[in-house]
Amino acid sequence: MRDRAIEWVYGAGWGLSRAMPESLATRLFRYAADRTFRGDGPQVRRLRANLRRVVGTSVDDAGLDALTRDAMRSYLRYWMEAFRLPSYSRADVLERFELEGWEVFDQHRREGTGVVLAIPHSGNWDLAGAWVCANGWPLTTVAQRLKPEAVYEKFLKFRRGLGMEILPHSGGERPAAAVLAERLSAGHIVPLVADRDLTSQGIEVEFFGAKTRMPAGPVLLSIRTHAPLYTVVLRYDSPTHCYGKIEGPVPIPDTGRLAARVAAGTQLVADAFAAGIAVQPADWHMLQPLWLDDLD
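The structure displayed is predicted, hence computed values, not measured ones.

*Asks:* Could you give an account of the side chain of Ser122, with specific residues and numbers?
*Replies:* With respect to the helices, strands and loops of the structure, Ser122 is situated in the loop between β2 (115-119) and α7 (125-134). By relative accessible area, Ser122 is classed as buried at 1%. A distance of 3.0 Å separates a polar atom in the side chain of Ser122 from the backbone oxygen of Leu234. Apart from residues lying up to four places away in sequence, Ser122 is in contact with Val233, Leu234, Asp283, Trp284 and His285.

*Asks:* Run through the side chain of Ser74, naming residues and quoting values.
*Replies:* Residue placement: Ser74 occurs in helix α4 (residues 61-84). One polar contact links Ser74 to His285, side chain to side chain, over a distance of 2.8 Å. Not counting residues within four places of it along the chain, the set of residues in contact with Ser74 comprises Tyr236, Ala282, Asp283 and His285.

*Asks:* Tell me about the layout of surface pockets, residues and numbers included.
*Replies:* Rolled over the atoms, a probe sized like a water molecule indicates the empty space that remains. Size it by volume and the second largest pocket reaches roughly 370 Å³. Lining the second largest pocket are 17 residues, with Arg30, Arg73, Ser74, Arg77 and Pro239 sitting closest to its centre. The greatest single-element share of the lining of the second largest pocket, amounting to 7 residues, is contributed by α4.

*Asks:* With reference to specific residues and values, describe the nonpolar core.
*Replies:* Counting residues in each nonpolar core, the largest one holds 89 residues, and the members touching the most others are Phe105, Phe207 and Phe273. Ranked by residue count, the leading element in this core is α4, at 10 residues. Every residue in contact with Phe273, bar those within four places of it in the chain, is listed here: Ala118, Ile119, Pro120, Ala194, Asp195, Phe207, Met214, Thr231 and Val233.

Rules behind the numbers
Residues numbered from 1 in each chain as written. Predicted model: local features only at pLDDT ≥ 70, side-chain atom pairs only at ≥ 80, totals over all residues. Heavy atoms only, no water. Helix = DSSP H or I, 4+ residues; strand = E, 2+ residues; numbered from the N terminus. Buried < 20%, exposed > 50% of the residue type's maximum accessible area, 1.4 Å probe, protein only. Polar contact = N/O pair within 3.5 Å; in protein donor to acceptor, adjacent residues only side chain to side chain. Contact = heavy atoms within 4.5 Å. 1 Å grid on protein atoms, 1.4 Å probe; cavity = no way out; pocket = protein on both sides within 12 Å on 5 of 7 lines; lining within 4 Å. Points joined across faces, edges and corners; volume = space filled by probe spheres on them. Core = buried A, V, L, I, M, F, W, Y, C linked by side-chain atoms within 4.5 Å.

Below, the structure is given as structure tokens:
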């Protein structure tokens, strides 16, 4: 029963939000965000606590509440845009997103390799992926399996419909890492969301003054394929536009033990994420426990 309810909610989101004018959808999703914020449930409290880590003592409690409200609005805006994204034309996608530094894609493809992009949960990463595909660059990424399975399949269909190649994190015909390596050798862009470790086997890093774990995947893939690794932190810069800037390449050490190189590279990724998130914390959508002392 619960799985069917979740499936219905996502189906309604994709259907109803696309059927109504964008201005109405924007107002409804903002209303839902503000109501959720006022409800002060567990996810809102977690979001507030995570944002406190980002801003430290530079913001008082009233300012933190305002930031948390804005972050919930940003999070619901992501969902509104994701639901409506399949109805966007190519011109809409190109108009709604800008990626500064995209020239490195063509540069590295001319040199015979693709690019690994490490990104956090910020802004609208689906719109960014659609923009990459709309510009003609092949894109391959990995998706975590969701429950229920029907919702996971809807997300696969949604993202593949935008032009992305989506590999399952687990349970695929071949290991995702092997396929990604092949795609990089063919010049693909490989974005990987990398600010939250889902395995409890990630690399321990310092992040906004405390310890957390982040996945080793982007750094390890870069080392093994010799494809350059860059970071991008996305943020909204107008009511209908999202922006990102490519930073890097990440200077992963090229000598030493593999474990030490991966650890050093992952810390550099964490540092780049922190710098980007701090510019506009409201667009970082982290509603789960992240730091080790919170997990404990």
